[in-house]
Amino acid sequence: MRADVGVARPANGPLKTLFRLRTYARPYARSLLALLVCAALGQAFQIVGPLLTQRVIDGPVRHGTTDGLLPLAGLALLASVCVMISDYAARRAHATGSVGVETALRTDLYAHLQRLPLEFHDRWPSGQLLSRSTSDLRAVGSFLAFGSIFIVLQTGTFVGVAIILMTIHWPLGLLVTAGMIPVMVLTYGLSRSYLPLSRRLQDDVGDLTSLVEESVLGFRTIRAFGRHRYINQRFGGAARTVLDTGLAQGRVIARFWPAIEAVPGLLMAAVLLGGAYAVAGGSLTIGELVAFIGLLTFAIWPLDSLGWLLGEAQQAATAAQRVYEILDTPPTVVDRPDARTADSPKGHVRFEGVGFRYPTEDSAVLHDVDLEVRPGETMALVGASGSGKTTLTLLVNRLYDVTAGRITVDGVDIRDLSLESLRTVVSSAFEDPTLFSASVRENITLGRPDATDDEVAAALRIAQAEFVHDLPWGLDTRIGEKGLSLSGGQRQRLALARAVVGRPRVLVLDDPLSALDVETEAMVEQALHTVLAGTTALLVVHRPSTVALADRVALIDDGTVVAVGTHEELLATVPTYRDLLDTTLQGAPQ
Ligand SMILES: Nc1ncnc2c1ncn2[C@@H]1O[C@H](COP(=O)(O)OP(=O)(O)OP(=O)(O)O)[C@@H](O)[C@H]1O
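Residues numbered from 1 in each chain as written. Predicted model: local features only at pLDDT ≥ 70, side-chain atom pairs only at ≥ 80, totals over all residues. Heavy atoms only, no water.

The name that an unreviewed UniProt entry assigns to the protein chain is ATP-binding cassette, subfamily B, with the source organism given as Cryptosporangium aurantiacum. Entered under Sequence similarities (unreviewed entry) in the UniProt record, the comment concerning the protein chain runs "Belongs to the ABC transporter superfamily. Lipid exporter (TC 3.A.1.106) family." (UniProt positions renumbered as here; feature names shortened; annotations may be inferred.)

Right, dumping it as structure tokens:
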């Protein structure tokens, strides 16, 4: 087993990765700038408060008069109103920026996930994808539209307040500014220990999400086998891992945070002491000391919050790395630059020396496959379990690309056709039919949104899926997640209707009738005969009755086609085929 094939590893450090996200912030630059300006104005108006206090203490209070008090009170009131207005505007700008950035990122990530090949989805647990497209994106979006702005704002506030403090009393002002140094050193130490743990925690949460998803989707199986204790144990194990990593994070914070938090308190004590001496020595008035202490809280808040904001930055940086691991994974099944469309396709399919190896595996699953399916011909693929039948069908509409040889449709290598065109020519239905939480009509016309009502009706008839007309809202009835409110057979019939709608030139069916009862299967087969008459078809056959639909049969053994002929010819000439029918496909038409 080969691990990590085709998965992008982070090329940059976390902070560089965070910087890459600026492209997502750019369209919201105006909102973000508005947020910065409004929040800065809000801070500035708040700083007015202590400065006015100084005027009141050193003026009216000191001289025991009310002269000049009213204008000062008026200014204080005006400053409060301005704070309120700036806060309102900042919050509005923040909402626009943060929602916009997160939405843009999520849209890109989702679109990219859709472009990534099956091999990527084989390898990535869905819980990892879920946690990356939800909590990680939120961390990144919130940092871009809030954290990053407030780092600038708080640094600016600290610098601004430090300058004012120095103009009031430079030695004390210098002392406060020097307080920044231990905070920076401690924050750096914190980030070095915290970053790897933050990344590990996010990965652990992804694994936990996978387990939750699996146990929700597999609920019936777990119940039926009475395995809920085992599942609980597995969940408990994963939850403990998350807990352990969270606790390790907590220990790191416990080591650094009290020291970071102690700095502002020590500064306050030093300012009180130094300030009292300065007042006694006459180099500072009482009003100035009160203003200094009032302003000090405006310097302490940025110092405090910078530590926390830098923590947010680290969290966002690792989240960004996790998101970019997906965004940087190149889609491998893509259109060639000169990809063409199939003009009036006839559906002549040829496999020429086809080989295929799953990217995670060391050895090939298919090798030297040569097979011709003539226009309008129905070819059954028969073989033992694991011989490679399903894999072969997945290559025809490029869910995976061949790793050797080529597949052609009407003589054109399918890799030279645009994926859109190829997937209009080739339509598929699989044994496990996935239905989406959408209306019946949307599910059926998934691959052909332009299908007419008549085409949908014909597809429903062929798939014996006319039961949908009896659903409460007919074709407009929404079917539940994965179509669970329908029976297995009903879901299969809808998936078959989806494959045959619009009569594709090439139809690939991987045992699409397995969940049908014998009677319905016979009716579907009868209806399929009319479709298959004009359509080139590849049918993976697990049930004997389906062999009857085929004009010819290809026998697959150990990853290659070992015999091709009509059912009767193979029965008469190929002992392996006979044996297979005896053991696996008992009751095949003789
Ligand atoms: N996504 C995958 N990654 C790696 N190996 C795979 C993957 N899917 C299938 N295989 C392996 O490829 C081989 C062929 O599998 P495939 O499903 O094509 O066989 P099959 O003939 O359709 O079997 P069955 O009749 O049981 O459905 C098997 O050994 C299987 O384990």
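1. Describing the pattern of salt bridges
Inspection of every chain in the model, using the stated rule, returns 18 salt bridges. The salt bridge partner of E102 is R138, with a shortest N-O separation of 3.8 Å. Note that E102 is positioned in helix α4 (residues 69–115) and R138 in helix α6 (residues 126–168), a separation of 36 residues in sequence. Judged by relative accessible area, which is 15%, E102 ranks as buried. Since its relative accessible area comes to 45%, R138 is described here as partly exposed. A salt bridge links R441 to D476; the nearest nitrogen and oxygen atoms lie 3.6 Å apart. In this pair, R441 sits in helix α14 (residues 440–444) while D476 sits in the loop between α15 (453–462) and α16 (488–500), placing the two residues 35 residues apart along the sequence. On the accessibility criterion, D476 (48% relative accessible area) is partly exposed. Look at the salt bridges and you will find they share partners, linking R132, D136, D203, R322 and E325 into a network. (Salt bridge = Lys/Arg side-chain N within 4 Å of Asp/Glu carboxyl O. Helix = DSSP H or I, 4+ residues; strand = E, 2+ residues; numbered from the N terminus. Buried < 20%, exposed > 50% of the residue type's maximum accessible area, 1.4 Å probe, protein only.)

2. Observations concerning the domain arrangement of the protein chain
For the protein chain, the assigned domains read domain 1 (14–328) and domain 2 (349–586). Placing the centre of domain 1 and that of domain 2 at their C-alpha centroids yields a distance of 54 Å. Of the residues lining the interface, 6 residues belong to domain 1; the matching set on domain 2 comes to 7 residues. Of the roughly 560 Å² buried between domain 1 and domain 2, counting both surfaces, carbon and sulfur atoms make up 63%. (Domains from an automatic or database assignment. Contact = heavy atoms within 4.5 Å. Buried area = accessible area lost by both parts, 1.4 Å probe.)

3. Thoughts on the pairing of strand β10 (residues 560–565)
Where strand β9 (residues 552–557) and β10 come together, 5 bridges link them in antiparallel fashion. Across the sheet, L555 pairs through a bridge with A563, a residue of β10. Where β9 hands over to β10, the hairpin turn is made up of 2 residues, of which D558 adopts a positive phi near 50°. (Pairing = 2+ DSSP bridges.)

4. Focus on the site of the ligand
Near the ligand, the surroundings consist of 15 residues, among which S385, K389, T390, T391 and H542 are the closest. D122 is positioned such that a nitrogen or oxygen atom in its side chain is 3.0 Å from a nitrogen atom of the ligand. Protein coverage of the free-state accessible area of the ligand, which is 630 Å², stands at 64%. Residue contributions to the shell around the ligand peak at 3 residues, all from helix α12 (residues 389–396). (Near = heavy atom within 4 Å. Polar contact = N/O pair within 3.5 Å; in protein donor to acceptor, adjacent residues only side chain to side chain. Areas by Shrake-Rupley, 256 points an atom, 1.4 Å probe, with all protein chains shown as cover.)

5. Quick notes on the sheet that holds strand β8 (residues 536–540)
Sheet architecture is open: 6 strands sit in the order β6-β7-β8-β3-β9-β10, paired in mixed fashion. Of all the strands in the sheet, the pair left with one neighbour each is β6 (426–429) and β10. On average, each strand axis in the sheet is inclined to that of its neighbour by 20°, with strand direction left out of account. Against the sheet, helix α17 (residues 518–534) engages β3 (378–383), β7 (506–510) and β8, with an angle of about 135° to β7. Lying on the sheet, helix α20 (residues 575–583) is in contact with β3 and β9; it crosses β9 at an angle near 90°. (Axes fitted to C-alpha atoms, helices over the stretch in contact; angles between N-to-C directions.)

6. A closer look at the environment of S421
In this fold, S421 is placed in helix α13 (residues 419–425). With 98 residues separating them along the chain, S421 and E519 place their C-alpha atoms 36 Å apart. With sequence-adjacent residues up to four places away left out, S421 is seen in contact with R340, T341 and A342.

7. A word on the packing of aromatic side chains
For the structure on display, the rule yields 5 aromatic pairs. Centroid distance F120 to W124: 5.1 Å. Interplanar angle 25°. Geometry classified as stacked. Among the residues examined, W124 registers a relative accessible area of 9% and is labelled buried. With 4.9 Å between their ring centres and 80° between their planes, F356 and Y358 make a pair best called edge-to-face. Judged by relative accessible area, F356 falls into the buried class, the value being 2%. Between the NZ or CZ atom of R20 and the centre of the ring of Y324, over which it lies, the distance is 3.8 Å. (Phe/Tyr/Trp six-rings, centres within 6.5 Å; stacked < 30°, edge-to-face > 60°. Lys NZ or Arg CZ within 6 Å of the ring centre and 35° of its normal.)

8. Digging into the nonpolar core
Soluble globular proteins tend to bury their nonpolar side chains together. Counting residues in hydrophobic clusters, the biggest one holds 67 residues, and the most contacted among them are L21, Y24, L105 and I326. Looking at this core, the elements that each hand over two or more residues are α2 (22–25), α3 (29–63), α4, α6, α7 (170–178), α8 (180–217), α10 (228–281) and α11 (286–327). Considering each element in turn, this core owes the most residues, 19 residues, to α11. Filtering out sequence-adjacent residues up to four positions away, L21 remains in contact with L105, V140, L144, A320 and Y324. Core analysis: the next-biggest nonpolar cluster, separate from the first, contains 48 residues, V382, I444, A463 and A499 among them. (Core = buried A, V, L, I, M, F, W, Y, C linked by side-chain atoms within 4.5 Å.)

9. Observations regarding the sheet that holds strand β5 (residues 412–413)
Pairing is antiparallel in the open sheet, where 4 strands are placed in the order β2-β1-β4-β5. The outermost strands of the open sheet, each flanked by one partner alone, are β2 (366–373) and β5. Bridge analysis of strand β4 (residues 404–409) against β5 gives 2 bridges, and the strand direction is antiparallel. In the sheet register, V409 faces β5, and the bridge partner there is V412. In this fold α12 packs onto β1 (349–356), β2 and β4, with an angle of close to 120° to the strand it touches most, β1.

10. Looking at the packing of α15 against α16
It is at 8 Å that the axes of α15 and α16 come closest, and there the two elements cross at 130°. Between α15 and α16, the crossing angle belongs to the class labelled oblique. Here α15 and α16 pass one another in a crossing that is right-handed. Of the residues in α16, those in contact with A459, L460 and I462 of α15 are L494, A497 and V500. (Parallel < 35°, antiparallel > 145°, perpendicular 65-115°, else oblique. Left-handed = near helix turned anticlockwise from the far one by under 90°.)

11. Considering the confidence of the model for the protein chain
One rule of thumb: low pLDDT means the predicted coordinates there are not for detailed reading. Chain-level statistics for the protein chain give a pLDDT mean of 84 and a share of 95% at 70 or above. Counting contacts from residues 1–7, a segment whose pLDDT is below 50, to residues more than four positions away or on other chains yields 19 contacts. (pLDDT = per-residue confidence, 0-100.)

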